[in-house]
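Remarks on the overall topology
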Amino acid sequence: MAQPVTRPDEAREASALIAEEQAIVDRMSEEISRLRSEAVVLVLTGPVSDALFERLRREPRVTQVISQTSPGVRDIRRLGGSAFRLRTALIFWSEDFAGLRWAVAVLRSGALRIVKVSRHPPTSESISTLQFIGRDVRGRLRLTDRLLQLLAKSGNAGFRRLSERIVGAPISRLQLSSFPINRIQADGPIVYASGSLGAGGSERQLSLTAKGISSRSRRHVSIICQSPLTGGNRFFASELEAAGIVVEDRVSVQQRLNQGVAGYDQSIRSAFRRDPQLVDLILFFANKFLTERPAIVHAWLDEPNIAAGIGAVIAGVPKIVLGCRSLSPLHFQFYQPYMWQAYRELAKLPQVTILNNSVAGARDYAKWLQLPIARIKVIPNGLDFSSDGKSAAADAGSNRVREGKRVVGTVGRIAEEKRPYLWLEIASNILKKRPDVHFVWAGDGPMRKDVERRAEQLGISAHLSLLGLVSDISAVWPSMTVFLLTSRVEGLPNVSIEAQHFGVPAVVAAVGGCAETINEGVTGASVAGEDAQAFAEAVLRFLDSPEALARTKSLGPALVQERFSVERMIAATMDVYELEAGRS
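Note that this is a predicted model, so its numbers are computed, not measured.

1. Remarks on the pattern of salt bridges
Tallied over the entire structure, the rule returns 18 salt bridges. Note that aspartate 280 is salt-bridged to arginine 269, the shortest N-O span being 3.5 Å. With aspartate 280 in helix 11 (residues 276–292) and arginine 269 in helix 10 (residues 265–271), this pair connects stretches of sequence that are eleven residues apart. The partly exposed category is assigned to arginine 269, whose relative accessible area is 36%. Between glutamate 345 and lysine 348 there is a salt bridge, with its nearest N and O atoms 3.0 Å apart. Accessibility expressed as a relative area gives 8% for glutamate 345, which makes it buried. Overall, lysine 348 belongs to the exposed group, its relative accessible area being 58%. Counted as one network, the salt bridges with shared partners bring together Asp444, Arg448, Lys449 and Glu452.

2. Quick look at helix 13 (residues 338–347)
Of all the ten residues making up helix 13, nine are buried; the element is thus mostly covered by neighbouring parts of the structure. Within helix 13 the residues assigned to the buried category are Tyr338, Met339, Trp340, Gln341, Ala342, Tyr343, Glu345, Leu346 and Ala347.

3. Observations regarding the nonpolar core
Among the nonpolar cores identified, the biggest contains 59 residues, and Ile430, Phe439, Phe483 and Val507 are the most heavily contacted of them. If we ignore the near neighbours within four places in the chain, the residues touching phenylalanine 439 are Val408, Trp423, Ala427, Ile430, Leu431, His463, Leu464 and Ser465. Core analysis: the next-biggest nonpolar cluster, separate from the first, contains 54 residues, Ala271, Val297, Val317 and Met339 among them.

4. Describing the packing of helix 13 against helix 14 (residues 359–369)
Between helix 13 and helix 14, the shortest axis-to-axis distance is 10 Å and the interhelical angle comes to 100 degrees. Between helix 13 and helix 14, the angle falls in the class roughly perpendicular. Each of Met339, Trp340, Tyr343 and Arg344 in helix 13 lies in contact with helix 14, whose residues at this interface are Tyr365, Trp368 and Leu369. For the contact of helix 13 with helix 14, the per-class residue count stands at six nonpolar, no polar and one charged.

5. Notes on the sheet that holds strand 15 (residues 464–468)
Taken together, the six strands give an open sheet; going across it, the order is 15-14-13-16-17-18, and neighbouring strands pair in parallel fashion. The sheet is open, and its two borders are formed by strand 15 and strand 18 (524–527), each paired with just one other strand. Within the sheet, the average angular offset between the axes of one strand and its neighbour, ignoring direction, is 20 degrees. Of the strands in this sheet, strand 13 (406–411), strand 14 (437–442), strand 15 and strand 16 (482–485) touch helix 16 (residues 420–433), which is tilted by about 165 degrees from strand 14.

6. Comments concerning the environment of glycine 382
Following the sequence through the fold, glycine 382 ends up in the loop between strand 12 (376–378) and helix 15 (396–402). We classify glycine 382 as buried; its relative accessible area is 0%. In the structure, glycine 382 is positioned 177 residues away from glutamine 205 in sequence and 7.2 Å away in space, judged by C-alpha atoms. Setting aside residues no more than four positions away along its own chain, glycine 382 makes contact with Gln205, Leu208, Phe564, Ser565, Val566 and Met569.

7. Describing helix 19 (residues 532–543)
For helix 19, which comprises twelve residues, the first-to-last C-alpha distance of 16 Å matches the rise-based estimate of 16 Å (1.5 Å per residue) to within 8%. Those residues of helix 19 that fall on the buried side of the exposure criterion are Ala532, Phe535, Ala536, Ala538, Val539, Leu540, Phe542 and Leu543. One side-chain oxygen of the residue at the start of helix 19 lies 3.0 Å from the amide nitrogen of glutamine 533, identifying that residue as aspartate 531.

8. Description of the sheet that holds strand 9 (residues 296–300)
Pairing is parallel in the open sheet, where seven strands are placed in the order 8-7-6-9-10-11-12. Of all strands in the sheet, those with a lone pairing partner are strand 8 (246–249) and strand 12, marking the two edges. Direction aside, the axes of adjacent strands within the sheet are offset by 25 degrees on average. The sheet contact formed by strand 6 (residues 190–194) and strand 9 spans four bridges and is parallel. Within the sheet, the bridge partner assigned to tyrosine 192 lies in strand 9 and is histidine 298. Across the sheet, helix 21 (residues 566–577) is in contact with strand 6, strand 9, strand 10 (319–324), strand 11 (352–356) and strand 12; its angle to strand 10 comes to roughly 140 degrees.

9. Section: the pairing of strand 13
Burial analysis of strand 13 places five of its six residues in the buried class, the great majority of the element. On the question of chirality, the crossover connecting strand 13 to the parallel strand 14 by way of helix 16 is right-handed. When strand 13 meets strand 16, the two strands line up parallel, connected through two bridges. When the bridges of strand 16 are listed, valine 408 appears paired with valine 482.

10. Focus: the environment of proline 557
By the element assignment, proline 557 lies in helix 20 (residues 546–564). Judged by its relative accessible area of 27%, proline 557 is partly exposed. Along the sequence, proline 557 and glutamine 500 sit 57 residues apart, while their C-alpha atoms lie 6.0 Å from each other. The contacts of proline 557, once residues within four sequence positions are left out, are Gln500, His501 and Thr552.

11. Overview of unusual backbone geometry
Negative phi characterises most residues that are not glycine, and trans characterises most peptide bonds. Located in the positive-phi region is glutamine 175, a residue other than glycine, with phi close to 50 degrees. Residue position: glutamine 175 is located in the loop between helix 6 (157–173) and strand 6. In this structure, leucine 301 is a non-glycine residue whose phi angle is positive, near 85 degrees. Tracing the chain through its elements places leucine 301 in the loop between strand 9 and helix 12 (302–315).

12. Thoughts on the confidence of the model for the protein
Parts of the model with low pLDDT should not have their predicted coordinates read in detail. With 73% of its residues at a pLDDT of 70 or more, the protein has an overall mean of 79. The low-confidence segment residues 1–14 (pLDDT under 50) makes 31 contacts with residues lying over four places distant or belonging to another chain.

13. Observations regarding the pairing of strand 15
By the criterion of burial, strand 15 is predominantly enclosed, with four of the five residues buried. As paired strands, strand 14 and strand 15 are joined by four bridges and run parallel to one another. Its bridge partner lying in strand 15, valine 440 is registered against serine 465. The parallel pair strand 14 and strand 15, bridged by helix 17 (residues 448–458), forms a crossover whose chirality is right-handed.

14. Quick word on the packing of aromatic side chains
Tallied over the full model, the rule gives twelve aromatic pairs. Each ring, one from phenylalanine 235 and one from phenylalanine 236, has its centre 5.0 Å from the other, and the planes form 75 degrees; the classification is edge-to-face. Look at phenylalanine 235 and you get partly exposed, because its relative accessible area is 47%. When the centroid spacing of 5.9 Å and the interplanar angle of 80 degrees are considered together, the rings of tyrosine 343 and tyrosine 365 count as edge-to-face. On the criterion of sequence distance, the pair formed by tyrosine 343 in helix 13 and tyrosine 365 in helix 14 is long-range, its members being 22 residues apart. Take tyrosine 343 and tyrosine 365: they sit in the same class, and that class is buried.

Here is what the cut-offs are and how they apply
- Residues numbered from 1 in each chain as written.
- Predicted model: local features only at pLDDT ≥ 70, side-chain atom pairs only at ≥ 80, totals over all residues.
- Heavy atoms only, no water.
- Salt bridge = Lys/Arg side-chain N within 4 Å of Asp/Glu carboxyl O.
- Helix = DSSP H or I, 4+ residues; strand = E, 2+ residues; numbered from the N terminus.
- Buried < 20%, exposed > 50% of the residue type's maximum accessible area, 1.4 Å probe, protein only.
- Core = buried A, V, L, I, M, F, W, Y, C linked by side-chain atoms within 4.5 Å.
- Contact = heavy atoms within 4.5 Å.
- Axes fitted to C-alpha atoms, helices over the stretch in contact; angles between N-to-C directions.
- Parallel < 35°, antiparallel > 145°, perpendicular 65-115°, else oblique.
- Nonpolar A, V, L, I, M, F, W, Y, C, P; charged D, E, K, R; others polar.
- Pairing = 2+ DSSP bridges.
- Expected span 1.5 Å × (residues − 1).
- Polar contact = N/O pair within 3.5 Å; in protein donor to acceptor, adjacent residues only side chain to side chain.
- Right-handed = clockwise from strand over helix to strand, strands pointing away.
- pLDDT = per-residue confidence, 0-100.
- Phe/Tyr/Trp six-rings, centres within 6.5 Å; stacked < 30°, edge-to-face > 60°.

Structure representation (structure tokens):
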């Protein structure tokens, strides 16, 4: 059995990294920066050069680098066990699923969390560039349970499907179709179920939908949130309450509900035995809906979809809507093995409607769930610009415009999924041809410090303004000349739509529903892959053409009004609810 799995720490001759190796370093750095753990063990399951190994070993917070192509369980126990028993996060890099034996051994050694980082961007057969494997692993879980979670998050579709079927077996035995539909509730209230009401694009769409439905249907409308409505989780709560919508959270509601769902508790706990927190959430929603008797339950995002969806089935709610707001959960760190079978069981029910806000998202869910695409209805986002603040005070970006600079900007979290290093590389390429351009990022996030360091390394810090969180984002748009979005994964990005409303052309990554937000070549451009030069050229085609900028300024607002008005979204949602305006 191979012995040395940790290379010696003595100094090596410094070698320049090739482009592919530098990309690996950049990706690893991004993921490490997102981790809360102060000590990270890096496991490389494929062969790497000495230069790459040494560069990764010097990464801040990396306490140990283990590199071996064909590991044995004894090796990793002997050499890495002490670090893993400290419950440090483990970065696990693999071209494919060849590192399963490493991951199993690390789990058995006591690692709290494993992060899998792939060499390449995700493909149809991979979950994501970033996979959190066993992030909910606890000491009380049996090894078989850990393995099921690991397999379910595999980049290998066969392994993943096998695990999902195993996990899904008890869910099927729950027999959701056996619960009667209570048609007497047809004239009851409308309840929305969400994770929170924080400052996010999805939450904004929930707020617009709830207000629009309340106004047009004249039904009693309420929103119930899983998370406590405190601090940032209340971002949209005040305006909803001002519109007459009742906003509650689980903590405030729990005390007045019954403590069980008679006859169903045990079967639900058996169906989701590996997810006790989900069981509690399902029972909570079932209790609430049995108490309030809503006519319609509309859940928002994956975990609420499943918990509130099953709770609504148990309560006999006659119309259940599951709102999927992006690509399938396979692309995100919150993915859980139960989701596949739970969605499939809910999709069998006639009272359940599945929504998505983009054609790309609907296709991705349909492919993942093995459902006909027609089973998922598409209602694009709607934006309300009735008070968009076009005359708002200028910000740092607009000051640059007054100095004669063009501004390329973006809006969003400074986080891995937005690919900020790619965004900075594009900026660097643009500056080589247009040194008069300034770059603006409105938003904050876990990678802000990393972005500042990277910008300094690229020598573009003087051309970059990080604005942080902006309370009124409409004040930023008039300062921009071109909007640039480089996300790794998106649903239907509101920010691209907003940019065009203000006459700003949008250059977006060709992922998810991004391309659906623009008129290709007229009000924006979509770019596939990670080629920074290709993105830069797309931005420059607008920057270098006054005619193209004028065309977007003229046609962008009309495009947004035609495709993405809030009135259109509310009308389509009313059709799904089978409601007529003004009927109570």
